[in-house]
Amino acid sequence: MTWDKVYETIDDFALLGENWDSYGAGHLPKEFLEKCKPIVKQLEFMEPPFAAPYCGGFQVEWHLDDCYLEIAFSKHTDEILFLKESNHKFTTRKFTFDTFDIEKVKVHCPIV
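Numbering of residues begins from 1 in every chain and follows the order in which that chain's sequence is written. The predicted nature of this model means local features are confined to residues of pLDDT at least 70 and side-chain atom pairs, given and counted, to a pLDDT of 80 or more, with totals for whole chains, interfaces and linings taken over all residues. The side-chain figures draw on all heavy atoms in the structure; neither hydrogens nor water molecules are used.

Engineer: Mind showing me how you'd approach the nonpolar core here?
Structural biologist: Taken as a class, soluble globular proteins show a tendency for nonpolar side chains to be buried jointly. Among the nonpolar cores identified, the biggest contains 26 residues, and Phe58, Ile71, Phe73 and Phe100 are the most heavily contacted of them. Under the DSSP-based scheme used, a helix requires at least four consecutive residues in state H or I and a strand at least two consecutive residues in state E, with every element numbered from the N terminus. Those elements that provide at least two residues to this core are helix H1 (3-12), helix H2 (30-42), strand E2 (58-64), strand E3 (67-73), strand E4 (79-86) and helix H3 (102-108). It is H2 that contributes the most residues to this core, 5 residues altogether. Ignoring sequence-local partners within four residues, the contact set of Ile71 consists of Leu43, Phe58, Gln59, Val60, Trp62, Ile80, Leu81, Phe82, Phe100 and Val105. To form a nonpolar core, buried Ala, Val, Leu, Ile, Met, Phe, Trp, Tyr and Cys residues must be joined to one another through side-chain atoms within 4.5 Å. Each residue is placed in one exposure class: buried if its accessible area under a 1.4 Å probe, protein chains only, is under 20% of its type's maximum, exposed if it is over 50%, and partly exposed if it falls in between. Two residues qualify as a contact provided that any one of their heavy atoms is within 4.5 Å of a heavy atom in the partner residue.

As structure tokens, then:
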């Protein structure tokens, strides 16, 4: 997948209207999604599947062997949440758009 295609996929989330999932999910503003792009670019170690969780925001996630990795961007709090689950052990970290550090994510993720 090229970065143009990745960015196009992210842009497509801006086309979703209110209640797009029929569970009350909100609209994802283009400005918010633009802030996510440089962070996603840092995750170039793998092609991520993208999701727009119902609680608002944007998420990338991977499932490999016994490891699950999720990075969620909150449109409400300007936070980036990192979650790793491996062998039923959880690691979480919280960043902001200004403090996200891919090297700190790599330390906790053997799939990187």
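Engineer: Looking at this structure, I do not really get the sheet that holds E2. What am I missing?
Structural biologist: Think of a sheet as strands paired side by side through backbone hydrogen bonds, with each pair either parallel or antiparallel. By the convention used here, strands pair only if DSSP detects at least 2 bridges between them. Reading across the sheet, the 5 strands line up as E1-E2-E3-E4-E5 and stay open at both edges, with antiparallel pairing between neighbours. Strand pairing shows two members of the sheet lacking a second neighbour, strand E1 (50-51) and strand E5 (89-96), which therefore form its edges. Where E3 lies against E4, 7 bridges are found, and the strand directions are antiparallel. Looking at the pairing, Ile71 lines up with Phe82 of E4.

Engineer: Help me understand the environment of Trp20, please; the structure alone is not making it clear to me.
Structural biologist: In this structure, Trp20 sits in the loop between H1 and H2. For Trp20, a relative accessible area of 31% puts it in the partly exposed group. It is 9.9 Å that separates the C-alpha atoms of Trp20 and Ala52, two residues lying 32 residues apart in sequence. When sequence neighbours within four positions are dropped, the list of residues in contact with Trp20 reads Ala25, Gly26, Ala52 and Pro53.

Engineer: How do you make sense of the packing of aromatic side chains when you look at a structure like this?
Structural biologist: The geometry of an aromatic ring pair is captured by two quantities: the separation of the ring centres and the angle between the planes. Note on aromatic contacts: the rings of Phe and Tyr and the six-membered ring of Trp form a pair at centre separations within 6.5 Å, being stacked when their planes are under 30 degrees apart, edge-to-face when over 60 apart, and tilted otherwise. In total, this model carries 3 aromatic pairs according to the counting rule given. A ring pair is formed by Phe95 and Phe100, whose centres lie 5.2 Å apart and whose planes are at 65 degrees; its orientation type is edge-to-face. Assigned by exposure class, Phe95 and Phe100 land together as buried. Above the ring of Phe97, the side-chain terminus of Lys35 is found at 4.5 Å from the ring centroid. A positively charged side chain is recorded as over a ring if its NZ (Lys) or CZ (Arg) lies within 6 Å of the ring centre. The angle to the ring normal must also be within 35 degrees.

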